[in-house]
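Listed below, chain by chain, are the residues.
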Amino acid sequence: LSLSNISADGLRLVWEKSDAFVNRYMVEIDGHQQKTLDSKPEVDWNRLLLPVTQYNVTITAISYGYVTHYPSYGSKESLPVRFLIQTGNEICS
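What you see is a predicted model; the values in this text were computed from it and never measured.

Let us now look at the overall build of the protein. The secondary structure content of the protein amounts to zero helices and eight strands. In the protein, the succession of helices and strands from N to C terminus is β-β-β-β-β-β-β-β. Intrachain contacts of the protein at a sequence separation of at least 6 include 55% that bridge at least 24 residues. In the structure as shown, the protein presents an accessible area of about 6,600 Å², 50% of it carried by carbon and sulfur atoms.

See the structure below:
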């Protein structure tokens, strides 16, 4: 990850773009998957995470082959990249 914003109630992940041709990325956290809208290497996670909890994160790059023949050539996925994140404390005011 090149930049992340991790709190008790939100998660934004930003990572380095792949050198290969990528249509989108798939992010998996705690068994739930979310795809990016395009090839931009970032995601605002849309599921609630618990505060002060460690999660396994997996990012996979997805390519649909030739754009002019989408999706007739199927898709290819990169090897997944795995790492751990830790959510922060909930702050009450």
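Still more ground to cover, so stick around.
So, on to the side chain of T87. When you line up the elements, T87 lands in the segment after β8 (81–86). A distance of 3.0 Å separates a polar atom in the side chain of T87 from the backbone nitrogen of V52. Within the local environment of T87, its side chain forms a polar contact with the backbone nitrogen of T53, the two atoms lying 2.9 Å apart.

Another aspect to go through is the side chain of T36. If you trace the backbone, T36 turns up in the loop between β4 (32–35) and β5 (42–44). Under the relative-accessibility criterion, T36 is labelled buried at 3%. One polar contact links the side chain of T36 to the main-chain carbonyl oxygen of D38, over a distance of 2.6 Å. The residues touching T36, leaving out its near neighbours within four places in the chain, are W15, R24, Y25, E42 and V43.

Parameters and conventions
- Residues numbered from 1 in each chain as written.
- Predicted model: local features only at pLDDT ≥ 70, side-chain atom pairs only at ≥ 80, totals over all residues.
- Heavy atoms only, no water.
- Helix = DSSP H or I, 4+ residues; strand = E, 2+ residues; numbered from the N terminus.
- Contact = heavy atoms within 4.5 Å.
- Areas by Shrake-Rupley, 256 points an atom, 1.4 Å probe, with all protein chains shown as cover.
- Polar contact = N/O pair within 3.5 Å; in protein donor to acceptor, adjacent residues only side chain to side chain.
- Buried < 20%, exposed > 50% of the residue type's maximum accessible area, 1.4 Å probe, protein only.

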